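# Structural overview for review
Listed below, chain by chain, are the residues.
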Amino acid sequence: MPKLGLTMESGTIIKWMKKEGDSVRKGEVIVEVESEKLTGEVESPADGILVKIIHEEGDEVPVGEPIALIETGV
């Protein structure tokens, strides 16, 4: 879970824009998350394939914990 604000300690996954097996491009929005103070979009950090969604919509996830796995170099 990326840190979207200075005081953010966790975030809730609101909506996945991609599903497992989808291709993603660096900078493409892949998920929408909500914290206590804001709702934001999270972009893919790299080109690749979204191989595993670790946390589903509605899950609250601590900052720094992985929410998905992207296979790069495909």
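Notes on the structure follow. (Residues numbered from 1 in each chain as written. Predicted model: local features only at pLDDT ≥ 70, side-chain atom pairs only at ≥ 80, totals over all residues. Heavy atoms only, no water.)

## Some remarks on the overall build of the protein
- Tallying secondary structure elements over the protein gives zero helices and seven strands in all.
- Here the C-alpha atoms of the protein give a radius of gyration of 12 Å, agreeing with the 11 Å that 2.2 N^0.38 yields for 74 residues.
- Seen through its principal axes, the protein has C-alpha atoms that stretch 35 × 20 × 20 Å.
- Counting over 74 residues, the protein shows a buried share of 30%.
- Restricting to contacts in the protein with at least 6 residues of sequence separation, those with at least 24 account for 48%.
- For the protein, the accessible area works out to roughly 4,700 Å², and carbon and sulfur atoms hold 48% of it.
- When the 8 positive and 16 negative side-chain charges of the protein are each reduced to one mean point, those points stand 5 Å apart. (Helix = DSSP H or I, 4+ residues; strand = E, 2+ residues; numbered from the N terminus. Rg over C-alpha atoms; globule rule 2.2 N^0.38 Å. Buried < 20%, exposed > 50% of the residue type's maximum accessible area, 1.4 Å probe, protein only. Contact = heavy atoms within 4.5 Å. Areas by Shrake-Rupley, 256 points an atom, 1.4 Å probe, with all protein chains shown as cover. Lys, Arg positive; Asp, Glu negative; His and termini not counted. Charge placed at Lys NZ, Arg CZ, Asp CG, Glu CD.)

## Brief notes about a nonpolar patch on the surface
- Together, V51, I54 and L69 make up an exposed nonpolar region whose accessible area comes to about 220 Å².
- Mapped onto the secondary structure, L69 falls in strand β7 (residues 68-71). (Patch = residues over 30% accessible without salt bridge, like charges linked within 9 Å, V, L, I, M, F, W, Y side chains within 5 Å. Salt bridge = Lys/Arg side-chain N within 4 Å of Asp/Glu carboxyl O.)

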